[in-house]
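Coordinates in review
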Amino acid sequence: MSETPDLRNGPDLRNVSANMQWGGRFAAGPSVVMQEINASIGFDRKMWRQDIRGSLAHAAMLVKLGILTVQDRSDIETGLAAIAAEIDAGRFPFDEALEDIHMNIEARLTERIGDAGRRLHTGRSRNDQVATDFRLWVRDAIDGLDAQLADVMLALAERAERHAADPMPGFTHLQTAQPVTFGHHMLAYVEMLNRDRGRLADCRKRLNECPLGSAALAGTSFPLDRDMTAHALGFDRPTANSLDAVSDRDFALEFLSAAAISAMHLSRLAEEIVIWCSAPYRFIRLSDAFTTGSSIMPQKRNPDAAELVRAKTGRINGALVGLLTVMKGLPLAYAKDMQEDKEPAFDAADAWALSLAAVAGMVRDMTPDTARMREFAGSGFATATDLADWLVRVLKRPFRTAHHVTGRLVALAEAQGIDLAGLSLAEMQAEEPGITADIFNVLTVEASVASRLSYGGTAPANVAAQATRWLQALT
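The structure reproduced in this document is the subject of the present report. All figures in this text were calculated on a predicted structure; none of them were measured in a lab. (Residues numbered from 1 in each chain as written. Predicted model: local features only at pLDDT ≥ 70, side-chain atom pairs only at ≥ 80, totals over all residues. Heavy atoms only, no water.)

Tallying secondary structure elements over the protein gives 19 helices and six strands in all. Over its C-alpha trace the protein gives a radius of gyration of 31 Å, far above what one expects of a compact globule, namely 23 Å for 475 residues. Considering only contacts in the protein between residues 6 or more positions apart, those separated by 24 or more positions represent 73%. Carbon together with sulfur atoms contributes 54% to the accessible area of the protein, which is approximately 22,100 Å² in total. (Helix = DSSP H or I, 4+ residues; strand = E, 2+ residues; numbered from the N terminus. Rg over C-alpha atoms; globule rule 2.2 N^0.38 Å. Contact = heavy atoms within 4.5 Å. Areas by Shrake-Rupley, 256 points an atom, 1.4 Å probe, with all protein chains shown as cover.)

A few words on helix α5 (residues 101-113). In this model, α5 (13 residues) spans 18 Å end to end at C-alpha, consistent with the 18 Å of a helix rising 1.5 Å per residue. Taken together, the buried positions of α5 are occupied by I101, H102, M103, N104, I105, E106, A107, R108, L109 and T110. For α5, the elements touching its buried residues are α2 (41-44), α3 (48-64), α4 (70-88), α6 (115-119) and α7 (126-162). Between the side-chain oxygen at the start of α5 and the backbone nitrogen of H102 there is a gap of 3.1 Å, and the oxygen is on D100. Positive phi appears at G114, one or two residues downstream of α5, with a value of about 75°. (Expected span 1.5 Å × (residues − 1). Buried < 20%, exposed > 50% of the residue type's maximum accessible area, 1.4 Å probe, protein only. Polar contact = N/O pair within 3.5 Å; in protein donor to acceptor, adjacent residues only side chain to side chain.)

Remark: the centre distance and the inter-plane angle together describe each pair of aromatic rings, the angle taken between the planes. Under the defined criterion, the tally for this structure stands at nine aromatic pairs. Each ring, one from F134 and one from F346, has its centre 6.3 Å from the other, and the planes form 85°; the classification is edge-to-face. You can see F134 sitting in helix α7 and its partner F346 sitting in helix α13 (residues 342-365), a full 212 residues away along the chain. Pair check on accessibility: F134 and F346 agree, each one buried. (Phe/Tyr/Trp six-rings, centres within 6.5 Å; stacked < 30°, edge-to-face > 60°.)

Moving on, we get to a nonpolar patch on the surface. A cluster of nonpolar side chains, contributed by L217, L243 and L332, occupies part of the molecular surface with about 270 Å² of accessible area. Following the sequence through the fold, L243 ends up in helix α10 (residues 242-247). Owing to a relative accessible area of 33%, L243 belongs among the partly exposed residues under this scheme. (Patch = residues over 30% accessible without salt bridge, like charges linked within 9 Å, V, L, I, M, F, W, Y side chains within 5 Å. Salt bridge = Lys/Arg side-chain N within 4 Å of Asp/Glu carboxyl O.)

Bringing α4 into the picture now. Under the 1.5 Å per step criterion, the end-to-end length of α4 is 27 Å for 19 residues, consistent within 8% with the ideal 27 Å. Regarding α4, the residues found buried are D72, I76, G79, L80, I83, A84, E86 and I87. End-on view of α4: buried residues confined to an arc of 155°, all on one side of the axis. Facing away from the buried surface of α4 by more than 90 degrees, the exposed residues are V70, T78 and D88. Downstream of α4 by a residue or two, G90 has a phi angle that is positive, lying close to 75°. (Arc of directions from axis to C-beta.)

This part is about the pattern of salt bridges. Evaluated as defined, the whole model comprises 32 salt bridges. A salt bridge links R49 to D88; the shortest N-O distance between them is 3.5 Å. You can see R49 sitting in helix α3 and its partner D88 sitting in helix α4, a full 39 residues away along the chain. Take R49: its relative accessible area is 44%, and that puts it in the partly exposed class.

The next subject is the nonpolar core. By size, the foremost hydrophobic cluster in this structure holds 78 residues, and its most contacted members are F134, L156, F255 and W352. When residues of this core are traced back to their parent elements, those giving at least two are α7, α8 (182-207), α11 (250-277), α12 (304-327), α13 and α19 (460-474). Aside from chain neighbours lying at most four places away, what touches F134 is M47, R249, F251, A252, D341, K342, A345 and F346. L62, A84, A116 and L120 belong to the second-largest nonpolar core, a separate cluster that totals 20 residues. (Core = buried A, V, L, I, M, F, W, Y, C linked by side-chain atoms within 4.5 Å.)

Moving on: the pairing of strand β2 (residues 175-181). Sheet topology places strand β1 (residues 167-172) next to β2; six bridges connect them, and they run antiparallel. The partner of G170 across the bridge, within β2, is Q178. (Pairing = 2+ DSSP bridges.)

As for its placement among the helices and strands, Q466 is situated in helix α19. For the pair Q466 and T292, spaced 174 residues apart in sequence, the C-alpha to C-alpha distance is 35 Å. With residues up to four places along the chain from it excluded, the contact list for Q466 reads L187 and Y455.

α8 packs onto α7 with a crossing angle of 165° between their chain directions and a minimal axis gap of 9 Å. Here α7 is positioned roughly antiparallel relative to α8, judged by the angle of their axes. Between α7 and α8 the crossing geometry is left-handed. The residue inventory of the contact of α7 with α8, partitioned by class, reads 19 nonpolar, two polar and nine charged. (Axes fitted to C-alpha atoms, helices over the stretch in contact; angles between N-to-C directions. Parallel < 35°, antiparallel > 145°, perpendicular 65-115°, else oblique. Left-handed = near helix turned anticlockwise from the far one by under 90°. Nonpolar A, V, L, I, M, F, W, Y, C, P; charged D, E, K, R; others polar.)

Take unusual backbone geometry next. Note: most residues except glycine have negative phi, and most peptide bonds are trans. The peptide bond linking L332 to A333 adopts the cis configuration, its omega dihedral lying at 5°. Phi is positive for E99, close to 75°, though the residue is something other than glycine. Owing to a relative accessible area of 8%, E99 belongs among the buried residues under this scheme.

For D44, the location among the structural elements is in helix α2. Judged by relative accessible area, D44 falls into the buried class, the value being 2%. Separated by 165 residues in sequence, D44 and E209 place their C-alpha atoms 21 Å apart.

This part is about the side chain of E99. Within the secondary structure, E99 is located in the loop between α4 and α5. In this structure the side chain of E99 is engaged in a polar contact, spanning 3.0 Å, whose partner is the side chain of N38. Reaching out from E99, the side chain makes a polar contact with the side chain of R126 at a distance of 3.1 Å.

To continue, consider the state of the cysteines. Using the criterion set out here, one finds zero disulfides in the structure. Unpaired in this structure, C203 has its nearest cysteine sulfur neighbour in C210, at a distance of 16 Å. (Disulfide = S-S within 2.5 Å.)

For the pair α3 and α4, interaxial distance at closest approach is 10 Å and the crossing angle is 175°. The angle between the axes of α3 and α4 places the two elements in the roughly antiparallel class. In this structure, α3 contributes W48, R49, I52, S55, L56, A59, A60 and V63 to the contact, and α4 contributes V70, R73, I76, E77, L80, I83, A84, I87 and D88. Residues that form the contact of α3 with α4 fall into these classes: 12 nonpolar, one polar and four charged.

Pasting the structure below:
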């Protein structure tokens, strides 16, 4: 993209040369300001592969209808292959005056092969062309991101298998609640990311209709075989309404919504990594590969990768809100406002992909301090619920009664600066005479986690089985 013009002394209204793509309607070209605001080639060039795929499918269909000759198709295929090679090698002469990727490729094709290139646009418009290209791009992005999500899930499941029985404190309100295992904690994120994959699969299914052949907004008088182009491009079917087809960006919004939810999940894990790495916790350690130092404090090891994953969530959320705002006031059908759809989607996809790569790397890189996590797992009277459950299960006390008894025992232990297991049997029996020495068997961290055998619970046997299930599904 050319440099932005210097507008400090007012807009530069000098006309540039006429855009030959417009033909005779416009005798003079746009002002430099208009060219700058109107052109999208600076970012939509990212869709060049999808644009060429769409043109190849369209050309094949036009040959079937007799609109193009077999020679035309051969010339178009040869020309587009050469253009693809030029772009791939960084030698393509992108021209801002041609506005977008569609016109840039068409102009270059015509320059190379002449009239066959001029005939290619028969029966289509840039409106259905960009709608098709963008759907193809989002679909390709979904496929790549789904693979990355699966890789993060695999890293978490592998970690869960190794630490299925290693206790750590489970928190609510960031206060110690009950012991869980580190493997169980890892599997919680596997479940989240699996839902993210489900949202992407749903988005892919809904977007997989082909707008090509809808033309500008009303369809075309040419008897196009839209099923042929749809299937050639891997779509399930052609879109059923030309007005909707060229003006729909639901697929991009749904993609960005899935991205925002997934980024939120990644941010939650990143936040925990930041906490776990901190000196007061020291639950895990990240190597130099995913940390940085300080310019002034030589002892620092900063979890910058996790912090940046956390921050990129705001960027992805902004992309979603931005496109929702662009689309909210648009009447049918296409409006140039919709040119603002691609940059946020491109940026969000890049940020999401980088975040996934960083999280997968950190999960595989981290070294858990299982002894320290075990020590903290029993802090804060984490086995109090086990005591209450024992009173219900063994003494048949109503749960609310058991809850009150346990609360009084917690207060007694807290006053003495000890944990529940530090109380004597006599002290416990003063609150509840039915308590026996067996109570001490349930007040250990290991006994607590082992008892959580309900489906989805943190018992090591459960965690190991779930980890195995996920590893089998992901490999």
